[in-house]
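# Close look at the chain arrangement
Chain by chain, the residues run as shown.
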Amino acid sequence: MKRFVYINDESYQNDYCDNQISNTKYTLWNFLPKNLWEQFRRFMNQYFLLIACLQLWSLITPVNPASTWGPLIVIFAVSATKEAWDDYNRYISDKQANEKKVWIVKNGARKHIQAQDIRVGNIVWIRENEEVPCDLVLTGTSEPQGICHVETAALDGEIDLKTRVIPTTCIGLDSEQLHKIKGVIECPIPDKDIRRFDANIRLFPPFIDNDICPLTINNTLLQSCYLRNTEWACGVAVYTGNETKLGMSRGVPEPKLTAMDAMIDKLTGAIFLFQLAVVVVLGSAGNVWKDTEARKQWYVKYDDDEPWYQILVIPLRFELLCSIMIPISIKVSLDFVKSMYAKFIDWDEEIYDQETDTPAHAANTAISEDLGQVEYILTDKTGTLTENKMIFRRCCIAGTLYGNESGDALKDIELLNAVADNSPHVIKFLTVMALCNTVIPIKSPSGTISYKAQSQDEDALVNAASNLHVVLVSKNGNNAAEIHFNRRVIQYEILDILEFTSDRKRMSIVISDSQSGKIFLLSKGADEAILPLAYCGQQIKTFVDAVDKYAQLGLRTLCLGWRELSLEEYLEWSRLFKEANSALVDREWKVAEVCQKLEHTLDILGISAIEDRLQDGVPETIEILRQSGINFWMLTGDKQSTAIQIALLCNLISSEPKGQLLYINGKTEDEVARSLERVLLTMRITSSEPKELAFVVDGWALEIILTRYKEAFTELAVLSKTAICCRVTPSQKAQLVKLLKSCDYRTLAIGDGGNDVRMIQQAHIGVGISGREGLQAARAADYSIGKFRFLKRLILVHGRYSYNRTAFLSQYSFYKSLLICFIQILFSFVSGIAGTSLFNSVSLMAYNVFYTSIPVLTTVLDKDLSEKTVTQNPEILLYCQAGRLLNPSTFAGWFGRSLYHAIVVFLITIHAYANEKSEMEELSMVALSGSIWLQAFVVTLEMSSFTFLQFLAIWGNFAAFYVINLCISTIPTAGMYTIMFRLCRQPSYWITMLVSITIMFF
Amino acid sequence: LSHLPFCFFSGSSPPICRPCEVRTPASGRGSRVELAAVMDEAGSSASAGSAPRGGRPARSGVFYKFTQQDLPAWKPAMTPGYVIAIFLIIGIIFVPVGLICLQASNRVAEIVHRYDIDCVPDAYRSNKQAYIKDSSISKKCIQKVKVQYHMKAPIYVYYELDNFYQNHRRYIKSRSDKQLRHGLQYTDSSCSPIERSNGLPVVPCGLIAWSLFNDTYDFTRGSMGLMVDRKNISWRSDREHKYGKDVYPFNFQNGSLIGGGKLDPDIPLSNQEDLIVWMRAAALPQFRKLYGVIEEDIQADETITMHITNNYNTYSFGGKKSLVLTTSTWLGGKNDFLGYAYLITGSSSIFLCILFALIHVKIPR
């Protein structure tokens, strides 16, 4: 499927959407129905609505319908308001974007219109620091070289500037001509891939060549990017509105459900079934009692012939009486405490990164409990465990190793001398370091040069080269590069860039020396991608040794090579390259194939070794988290030896003889299968020994395993506590997460770069490190932190507390609802099983949404153990991981407790208030007070630490109970008139209360 | 073997480098490395600057402590000592309180006399309903009780009903508080099934009023009458605020089915104290309601003659009727429950306290 965009052609009517951006979920008209519909898709809400509707039938309702409608409406209003507010904010920001004025070309003249009126095919002009309103194909810029710089932070989170180039066919058009150009762009239908744009442009006469010119993502300005360091740029709108790359990639992420939420849902279901059973049993018993006993009681005056539905009346009354078994307040309470957990994470100074001024942030406020239940952590290496602050440390040039003694090649006298002596090998090496990259040098007004690089390695190399006096001074577009070497200026023309891809693992650049006119191919890449390309006869053994040595030190190695090209060879190849570049299908593959035709018989110049330091506290963090029973898997795109080295450094694996590494490797399926079999066998045998086993697998073997031997690998995954997966692609990372999830493990994925995004989204909890590779991972993640070591506190402190608190809160919510419900049920046995409510409507409502909900909310401040104790004894996390605090058996405990407490409160009440005291209102208030007293003490007993807020909430609420009821007791029309005053004057009331609370000790 | 310079900091303390051990796989031997070489890079990462930052809470104050979950907190630890002490205290408090309650209950002199069977003539014993429904038969009934203890005035006269469900869902809801307060224009459906009769509203409406208890009692001591004060037996708040002074019974018990007692249509509801007492529905199927107060002492061994009019029908459902004469204390009428509850709780506390103490001594933690 293709889309043809006719440039600046008013007569051509297309039916593509206009540029109106709409992120809103609702409109003014559909808000109420749509929002209600969404809310009612939750089972709990349907349940409460049904109960509320049944209560409207006055024959069966035991209490005033307001006791359910009130809370229900409040709950609905709260969530609807939140939704409406969010949506309103989205609407406002959309409106701002839509109504922003932009310049477009219409009928050959520039016009100022609103951004939402841009149509596909319009030519849009943008000035410096303006936001791009829709996806454009660049046609002109203010820079004579036809380039412009954009900041794509809003799109991919990367903060560095990127260069965008106008297509070759548009080069040289002046702004007058740009107003008039006509042509056609053939581009794919809208998709969300922000790294790919395989299209063609063809300008119509009179504009120069009628040739098809290929377009790539480098020729585009995507919506939401900012134009920087460029006076103006103009382009043709190709995708507009919600069909832009940004608009297409905007998706609603699947809401994540924590293990606790799932458990709470399950328990709610169980309580619902229990409730149905109670209703059926009591309803039938009630009907039987009615027919055998109640008909004899003339004062109840049952009619002899009743309508058929009378048989349903008593069961339905019990349904309504028991409806409070499922606490209406639990969702609101949970939402509140969850957002408090998230706030605590945001506020926490101890996980605030002062170096980069980054606070921790919980983007997903609903899953903090899961942090405490993590069983597997899958971590990226570069930038996550390491600082991703690349520093050029050592190098090996023509067999000589520099920087061995001091550990810093830049301070190695030998190297400095070699540079001073113009040693040809060294100079070539440095030239490749300075030139073979996509770095943009930016000259500040004061004359200093800073580099904007997309990759940290390139940055390190260019900076190192400039320290060694080979300074990349300027780079104009992709054409000319200028290098200063010992005050000499050397001009190069950059002819082609053979870009880096993760498959090729190398990049090359074709340059011609402006003085001599000679053409060179400069290459750099991973050792296994470059070393095999060495020309016949070159001794590469020293390089192989150097690579090994550097890898053992945990350094990242790059291999640099070059070759002189003959003009004919270059021209021949250049034609093929151009062809491949304009291919619409399989372009990447075709380009790679063409590149391979040029990259051979290289003269290997040397090896550069770049250090990527471990972040502070990584080994300790991993050690502590492993002690707490969390298994670590390291997934990295780096090579095996470097990965293993880093793993050793950060305590992920232990060296022999304490630990043992098992390698799964092989090139063919058979080899991999055998290797896997062997490792699995060893694993099974030694799983009882106290030896730390870890397996190492590379991306190639992993691909075979994941497609063919998934079951064996799953078994291995269960057995192995540690694994190192190297050379893995982003999708493999995600697949591994999925595999562990399928084994019912709680997984946490932590990473910092764009390649970790899929794994972060896939895992139960995604943690992003807001690092040097941009904010892409942090944006996709549920939690973003500044440093890896904060993970310890995030899990052990925040995760564990959240788990404990939610476990208490949720079970307590059921406990208190069940308590009041059991009292009602018990009362029905002394009231002729007719479904009389012991409590009045106000009390019931206030009990659920007020008296018992407020004190327990302060559980967000409860700490069962101090933070220090937890971090010193991380094994304690096992309780959370195993779900020991919230599971069917703990819940059964709470269930039994509520039944026991209900029976005791009820029996004490009816015996202490028997005979002449058994007045309905009084007895009801005695039972309610008994429950309230009990609640206050149960909450006190269950909490472990008390701040003034807890005291305030528990005892303030307790006092409020009396104040409120005393107030109601002064209203003559209320049923409770004078009741509370009477009770408070009776010594027997206080004596009864005191004995009620002591039962909780037995 | 290779040496790798490396150092770890905790981000908060001043940047003091401690050399630390780095293991390499080749040897497993630790190698100490001085940190001088990496000081320059490391220095920046460990800077513990406490410069104030905008937008973040100040580093002191209650709110800051709250955000850091660091509010001063009281952390009671449930040590065995505490548990033993708590049980001991409960025991020490509860046993005496229990004894006091029991003593109060024992001070109460109470006479309970069930009369619903005795008051039916022998001829009707097998068909009590026929007796109670036959209005031509005299319902007068004389019962005698011997007083065992000295009873000090005031002596409360209660009637006790058993197996009578005033708390039945259908019964307890069948009333209209508005009508009782403001009159017949407020008759509403809440009173069903006794809402209207012969097309006119009933005041007071509803099943509770309709089933008004109507047995009456008189007492004589020897040949002397024993005054029963029937005033102020209802709650004053009810008389003054719940029942209208200008609301009179209307169209009451005029239907085809007569329930309980009738009311004098010339007395306003606020003075119909028997009705007001009856309308305070009981929560339990066995209950007592105040009939009157005797303001004279009764000596031990005196015989009281009770003149009962046995009007009220409890025979259809096997309800029991009793007449109760009782004195009262600060704790109320005779009720041993609280006393025993305290005694049991207190003594089991002491038992547990001793048990735990023994365990604690035998197996100290």
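Note that this is a predicted model, so its numbers are computed, not measured.

Calculation criteria
Residues numbered from 1 in each chain as written. Chains lettered and ligands numbered in written order. Predicted model: local features only at pLDDT ≥ 70, side-chain atom pairs only at ≥ 80, totals over all residues. Heavy atoms only, no water. Salt bridge = Lys/Arg side-chain N within 4 Å of Asp/Glu carboxyl O. Helix = DSSP H or I, 4+ residues; strand = E, 2+ residues; numbered from the N terminus. Buried < 20%, exposed > 50% of the residue type's maximum accessible area, 1.4 Å probe, protein only. Disulfide = S-S within 2.5 Å. Pairing = 2+ DSSP bridges. UniProt positions renumbered as here; feature names shortened; annotations may be inferred. Contact = heavy atoms within 4.5 Å. Domains from an automatic or database assignment. 1 Å grid on protein atoms, 1.4 Å probe; cavity = no way out; pocket = protein on both sides within 12 Å on 5 of 7 lines; lining within 4 Å. Points joined across faces, edges and corners; volume = space filled by probe spheres on them. Nonpolar A, V, L, I, M, F, W, Y, C, P; charged D, E, K, R; others polar. Expected span 1.5 Å × (residues − 1). Buried area = accessible area lost by both parts, 1.4 Å probe. Phe/Tyr/Trp six-rings, centres within 6.5 Å; stacked < 30°, edge-to-face > 60°. Lys NZ or Arg CZ within 6 Å of the ring centre and 35° of its normal. Core = buried A, V, L, I, M, F, W, Y, C linked by side-chain atoms within 4.5 Å. Lys, Arg positive; Asp, Glu negative; His and termini not counted. Polar contact = N/O pair within 3.5 Å; in protein donor to acceptor, adjacent residues only side chain to side chain. Axes fitted to C-alpha atoms, helices over the stretch in contact; angles between N-to-C directions. Parallel < 35°, antiparallel > 145°, perpendicular 65-115°, else oblique. Left-handed = near helix turned anticlockwise from the far one by under 90°.

### Topic: the pattern of salt bridges
Inspection of the entire model under this criterion finds 52 salt bridges over all chains. Here Arg125(B) makes a salt bridge to Asp122(B), at a shortest N to O gap of 3.6 Å. Two residues, Arg221(B) and Glu296(B), come together in a salt bridge whose shortest N-O distance is 2.8 Å. Highlighted residues: Arg221(B) in strand E8 (residues 216–221) and Glu296(B) in the loop between strand E11 (287–294) and strand E12 (303–309), separated in sequence by 75 residues. The buried category is assigned to Arg221(B), whose relative accessible area is 17%. We classify Glu296(B) as partly exposed; its relative accessible area is 26%. Three or more residues are tied together by salt bridges with common partners; here these are Asp348(A), Glu350(A), Arg793(A), Lys863(A) and Glu867(A).

### Digging into the state of the cysteines
All names here are of chain B. Following the criterion strictly, the structure yields two disulfides over all chains and no others. Here Cys-119 pairs with Cys-141 through a disulfide, and the sulfurs are 1.9 Å apart. For the disulfide bridge between Cys-119 and Cys-141, the dihedral angle about the S-S bond is near -70°, and by the sign convention the bridge is left-handed. With a gap of 22 residues between them, Cys-119 in the loop between strand E3 (110–114) and helix H4 (128–133) and Cys-141 in strand E4 (residues 140–146) connect regions that are remote in the sequence. Residue class for Cys-141 comes out buried when judged on its relative accessible area of 8%.

### Details of the pairing of strand E25 (residues 555–565) of chain A
One face of the sheet, then the other: side chains in a regular strand alternate in exactly this way. Residues and elements named next belong to chain A. A large share of E25 lies buried, amounting to 10 of its 11 residues. Where strand E24 (residues 519–525) and E25 come together, seven bridges link them in antiparallel fashion. Within the sheet, the bridge partner assigned to Leu-522 lies in E25 and is Trp-562. Pairing of E25 with strand E26 (residues 603–614), which is carried by eight bridges, proceeds in the antiparallel orientation. By the bridge assignment, Leu-560 is partnered in E26 with Gly-606.

### Structural notes on the UniProt feature "transmembrane region" (unreviewed entry) in chain A
The feature "transmembrane region" (unreviewed entry), as annotated in UniProt, sits at residues 43–60, 270–289, 818–839, 894–914, 926–953 and 959–979 of chain A in this numbering. As a span, residues 894–914 of chain A carries 90% helix and 0% strand, and end to end its C-alpha atoms are 29 Å apart.

### Brief notes about the side chain of Asn804(A)
Residues and elements named next belong to chain A. By the secondary structure assignment, Asn-804 is in helix H26 (residues 790–829). Judged by relative accessible area, Asn-804 falls into the buried class, the value being 13%. Look past the residues within four positions of Asn-804 in its chain and what remains in contact with it is Asp-864, Cys-880 and Leu-885.

### Some points on the domain arrangement of chain B
For chain B, the domain assignment lists domain 1 (76–108 + 331–364) and domain 2 (110–327). One C-alpha centre belongs to domain 1 of chain B, the other to domain 2 of chain B, and the line joining them spans 42 Å.

### A look at empty space enclosed by the protein
Residues and elements named next belong to chain A. Applying the stated criterion to the full structure yields nine cavities of 30 Å³ or more. In terms of lining, the largest cavity is formed by 19 residues, of which the most central are Ser-67, Thr-68, Ser-323, Ile-324 and Asn-848. A total of four residues in the lining of the largest cavity trace back to one element, the largest contributor, which is helix H27 (residues 841–851). Split by residue class, the lining of the largest cavity holds 13 nonpolar, six polar and no charged.

### Notes on helix H23 (residues 730–742) of chain A
The terminal C-alpha atoms of H23(A), which comprises 13 residues, lie 19 Å apart, in line with the 18 Å expected from a rise of 1.5 Å per residue. Looking only at H23(A), the buried set comprises Gln732(A), Lys733(A), Ala734(A), Leu736(A), Val737(A), Leu739(A) and Leu740(A).

### What about the interface of chain A and chain B?
The interface is formed by 99 residues belonging to chain A together with 94 residues belonging to chain B. Of the roughly 8100 Å² buried where chain A meets chain B, counting both sides, 60% is carbon and sulfur surface. For the chain A face of the interface with chain B, the top three residues by lost area are Trp298(A), Tyr299(A) and Glu349(A), together amounting to 10%. Our count for the contact surface shared by chain A and chain B stands at two salt bridges. Considering every element that reaches the side of chain A that touches chain B, the biggest residue donor is helix H35 (residues 987–998) of chain A, with seven residues. Classifying every residue of the side of chain A that touches chain B gives 49 nonpolar, 24 polar and 26 charged.

### As for the packing of aromatic side chains
Summed over the entire model, instances satisfying the criterion amount to 68 aromatic pairs over all chains. Pairing Trp298(A) with Tyr299(A) gives two aromatic rings, centres 5.9 Å apart and planes at 90°, and the pair type is edge-to-face. By the burial criterion, Trp298(A) is buried, and Tyr299(A) matches it. Between Phe808(A) and Trp894(A) the ring centres are 6.0 Å apart and the planes differ by 50°, which places this aromatic pair in the tilted class. A residue pair is termed long-range when its members are at least 10 positions apart, and Phe808(A) in helix H26 and Trp894(A) in helix H31 (residues 888–912) qualify at 86 residues. Classification of Phe808(A) as buried rests on a relative accessible area of 9%. On the accessibility criterion, Trp894(A) (10% relative accessible area) is buried. Among the aromatic residues, ring-to-ring pairing joins Trp298(A), Tyr299(A), Tyr159(B), Phe164(B), Tyr171(B), Trp210(B), Phe213(B), Trp278(B), Phe287(B), Tyr312(B) and Phe317(B) into one connected group. We note Lys139(B) situated over the ring of Tyr131(B); from NZ or CZ to the ring centre the distance is 5.5 Å. The side chain of Arg230(B) reaches across the aromatic face of Tyr291(B), ending 3.8 Å from its centre.

### Topic: unusual backbone geometry
Glycine aside, residues mostly have negative phi, and peptide bonds are mostly found in the trans state. Residue Pro154(B) is reached from Ala153(B) by a cis peptide bond, and omega for that bond is 0°. In this structure, Pro154(B) sits in the loop between E4 and strand E5 (155–162). We note that Asn915(A) has phi near 55°; this positive angle belongs to a residue other than glycine. For Asn915(A), the location among the structural elements is in the loop between H31 and helix H32 (920–942).

### Examining the UniProt feature "transmembrane region" (unreviewed entry) in chain B
Residues and elements named next belong to chain B. UniProt marks residues 81–102 and 337–359 with the feature "transmembrane region" (unreviewed entry), using the numbering shown here. Regarding residues 81–102, the helix share stands at 100% and the strand share at 0%, and the terminal C-alpha atoms are separated by 31 Å. The distance separating the terminal C-alpha atoms of residues 337–359 is 32 Å; by composition the span is 100% helix and 0% strand.

### Some details on the nonpolar core
Judged by nonpolar contacts, the single largest core of 231 residues is most densely connected at Ile377(A), Leu748(A), Leu791(A), Phe219(B) and Trp278(B). Per-element accounting of this core gives the leading share, 20 residues, to H26(A). Membership of the second largest hydrophobic core comes to 46 residues, among which are Val105(A), Val132(A), Cys213(A) and Val236(A).

### Here we look at the environment of Val374(A)
Residue and element names in this part refer to chain A. By the secondary structure assignment, Val-374 is in the loop between helix H10 (368–371) and strand E15 (376–379). By relative accessible area, which is 0% here, Val-374 ends up buried. Separated by 489 residues in the primary sequence, Val-374 and Lys-863 place their C-alpha atoms 20 Å from one another. Apart from the residues lying within four places of it in its own chain, the contact partners of Val-374 are Ile-630, Arg-746, Leu-748, Ile-765 and Gln-881.

### Focus: the domain arrangement of chain A
Splitting chain A by domain gives domain 1 (2–17 + 118–243), domain 2 (34–77 + 263–342 + 798–1001), domain 3 (353–385 + 614–796) and domain 4 (389–613). Computed from C-alpha atoms alone, the centre-to-centre distance between domain 1 of chain A and domain 3 of chain A is 41 Å.

### Section: the side chain of Lys242(B)
Its location among the elements puts Lys242(B) in helix H8 (residues 236–242). For the buried Lys242(B), no salt bridge is present, and the opposite-charge side chain at shortest range is Asp177(B), 4.9 Å distant. A polar contact of 2.6 Å, which involves the side chain of Lys242(B), links it to the backbone oxygen of Ala974(A). Apart from residues no more than four positions distant in its own chain, Lys242(B) is found in contact with Pro972(A), Thr973(A), Ala974(A), Gly975(A), Tyr977(A), Asp177(B), Leu180(B), Arg181(B), Ser237(B) and Arg280(B).

### Topic: the packing of helix H9 (residues 330–347) of chain A against H26(A)
Residues and elements named next belong to chain A. Packing of H9 against H26 leaves a shortest axis separation of 11 Å and a crossing angle of 165°. Accordingly, the angle class assigned to the pair H9 and H26 is roughly antiparallel. For H9 against H26, the interelement crossing comes out right-handed. Contact with H9, carried on its side by Ile-330, Ser-333, Leu-334, Val-337, Tyr-341, Phe-344 and Ile-345, involves Leu-794, His-798, Ser-802, Arg-805, Thr-806, Leu-809, Ser-810, Ser-813 and Phe-814 of H26 and no other residues of that element. A breakdown of the residues in the contact of H9 with H26 according to their chemical character gives nine nonpolar, six polar and one charged.

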